[in-house]
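The lines below spell out each chain.
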Amino acid sequence: MIIVLKPNSTVEQIDHIVTTIHEMGLKTDVSRGIKRTIIGVIGEEDLLRNAPLQAIPGVEEVVPILKPYKLASREYQPDDSVIDVGRGVKVGGGSLAMIAGPCAIEGREILLEIAKHVKAAGANILRGGAYKPRTSPYSFQGLGEDGLKILREVGDELEMPVVTEVMDPRQVALVDRYTDIFQIGARNMQNFNLLAEVGQTKRPVLLKRGMSATVVDLLMSAEYILAGGNKRVILCERGIRSFDSSTRNLLDLSIVPSAKGLSHLPLIVDPSHATGRPDLIPSMSLAAVAAGADGVHIEVHSCPERAMSDGPQALLPKQYAEVVEQMRQVAGLFHKTIPVAHGK
Ligand code: PEP
Ligand code: MN
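Residues numbered from 1 in each chain as written. Chains lettered and ligands numbered in written order. Predicted model: local features only at pLDDT ≥ 70, side-chain atom pairs only at ≥ 80, totals over all residues. Heavy atoms only, no water.

S.K.: Quick question: what am I supposed to make of the packing of helix H3 (residues 108–121) against helix H11 (residues 317–333) here?
M.R.: Any two packed helices are characterised by the angle at which their axes cross and by the distance between the axes. Contact geometry of H3 with H11 gives a least axis separation of 9 Å together with a crossing angle of 20 degrees. By the angle between their axes, H3 is roughly parallel relative to H11. Seen along the crossing, H3 lies across H11 with a hand that is right-handed. Contacts between H3 and H11 involve His117, Val118 and Ala121 from the former and Pro317, Tyr320, Ala321, Val324 and Arg328 from the latter. Taken together, the residues that form the contact of H3 with H11 break down as six nonpolar, one polar and one charged. (Axes fitted to C-alpha atoms, helices over the stretch in contact; angles between N-to-C directions. Helix = DSSP H or I, 4+ residues; strand = E, 2+ residues; numbered from the N terminus. Parallel < 35°, antiparallel > 145°, perpendicular 65-115°, else oblique. Left-handed = near helix turned anticlockwise from the far one by under 90°. Contact = heavy atoms within 4.5 Å. Nonpolar A, V, L, I, M, F, W, Y, C, P; charged D, E, K, R; others polar.)

S.K.: Just checking my understanding: could you explain the site of ligand 1 for this structure?
M.R.: Around ligand 1, the surrounding shell holds 14 residues, and the nearest of these are Arg127, Ala186, Arg187, Lys208 and Arg238. The contact in question runs from an oxygen atom of ligand 1 to an N or O atom on the side chain of Lys132, over 2.9 Å. A distance of 2.8 Å is found between an oxygen atom of ligand 1 and a side-chain nitrogen or oxygen belonging to Lys208. For ligand 1, the accessible surface in isolation is 290 Å², of which the surrounding protein chains cover 97%. Split into classes, the residues belonging to the shell around ligand 1 amount to three nonpolar, four polar and seven charged. (Near = heavy atom within 4 Å. Polar contact = N/O pair within 3.5 Å; in protein donor to acceptor, adjacent residues only side chain to side chain. Areas by Shrake-Rupley, 256 points an atom, 1.4 Å probe, with all protein chains shown as cover.)

S.K.: Just checking my understanding: could you explain helix H4 (residues 145–158) for this structure?
M.R.: In an α-helix, one turn spans 3.6 residues; hence positions three or four apart end up facing the same way. Counted at 1.5 Å a residue, the expected span for H4 with its 14 residues is 20 Å, and the 20 Å between its end C-alpha atoms agrees. Among all positions in H4, only Gly147, Leu148, Ile150, Leu151, Arg152, Val154, Gly155 and Leu158 are buried. Where H4 is buried, its residues touch H3, strand E8 (125–127), strand E9 (162–165) and helix H5 (172–176). Following H4 by one or two positions, Glu159 has its phi on the positive side, about 55 degrees. (Expected span 1.5 Å × (residues − 1). Buried < 20%, exposed > 50% of the residue type's maximum accessible area, 1.4 Å probe, protein only.)

S.K.: How should I be thinking about the nonpolar core in this particular structure?
M.R.: Within the largest apolar cluster, 87 residues are counted, with the highest numbers of intra-cluster contacts made by Ile125, Leu207, Leu235 and Tyr320. Setting aside anything within four residues of it in sequence, one finds Tyr320 in contact with Met98, Ala100, Val118, Ala121, Ala123, Ile298, Val300 and Leu315. With 15 residues, the next largest nonpolar core counts Ile14, Ile17, Ile21 and Leu53 among its residues. (Core = buried A, V, L, I, M, F, W, Y, C linked by side-chain atoms within 4.5 Å.)

S.K.: What is the right way to read the sheet that holds strand E2 (residues 27–32) from this model?
M.R.: By definition, the strands of a sheet pair up through backbone hydrogen bonds, in either a parallel or an antiparallel sense. Taken in spatial order, the four strands line up as E2-E3-E1-E4 in an open sheet, and their pairing is antiparallel. Only two strands of the sheet have a single partner each, and these edge strands are E2 and strand E4 (59–63). The sheet shows a mean angle of 20 degrees between the axes of neighbouring strands, taken without regard to direction. One ladder, built from six bridges, connects E2 with strand E3 (residues 37–42); its direction is antiparallel. Bridge assignment links Lys27 to a residue of E3, and that residue is Ile42. Running at roughly 160 degrees to E2, helix H1 (residues 11–23) makes contact with strand E1 (2–5), E2, E3 and E4 of the sheet. (Pairing = 2+ DSSP bridges.)

Next comes the structure, spelled out in structure tokens:
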């Protein structure tokens, strides 16, 4: 539910309304506008249905949200969310996230080399996995905390915010010490305990679409994070499973306008995991921006044939620089900008 308060309500009236709603066993989220205050009310459906919200003095209108996701919906928040991820980089509302880096953190030197290249090309967020969700238990599983330390050091040296995957609720506190943004991978999109755990933190979360998740499933997963009090969720399309093995997954670009119509959350596209093919990544990146995406997530490696994971889909730094150059032109047509990462 959204409750709209009478114009010019005083702080005392708003406090009274909030306390009354809490006494009903419901949670509130207050947005104070210049003229009006709006309170989002969330809680168990039955409780919500029977709560006499209209009867509270000062309430002008009670508007139900019919979608199963509430805080994530456009009804709840008509304006686009803009997520500040640090170092001057904002995602959404016309600012594009240019996330780039290797699939896995393999060592300090190689990460620094790749990071320097991608930053020079225009990337504003550095990625790298320290905990890798591999299909085979015999594949490289990531450097763990040593990898997180390297990522943090390189991010600080180049003054770039960093993003890395967290796979387990028990890792959240540890990863939180090193990263600027949590990544929830496709395989964990419906790990509800993990979603609830990152929802308790204040860090932005890059939530990747599960490989057979619908747009509503994705928004329901975002809702878990938002309901915990963490409002900084960035959605990510990374391809879904299909019958056609000519690409690694099937990039569903229609989700960009579709999810952005339903939700105020920013959405970025990962053409690397979606296609698995360096020859398709440039055109799909441009198409993503034209479709309204708030950025792209691209794997880059200076020596793909030696990469410890996802080498075949990595772009070379030079190829990445070309994509960014073309993206700037497409972004300009849509009045979008690529913010530069810099120190405070
Ligand atoms: C990754 O970003 O390296 C990754 C494993 O992505 P996904 O969860 O989309 O497969
Ligand atoms: Mn990868």
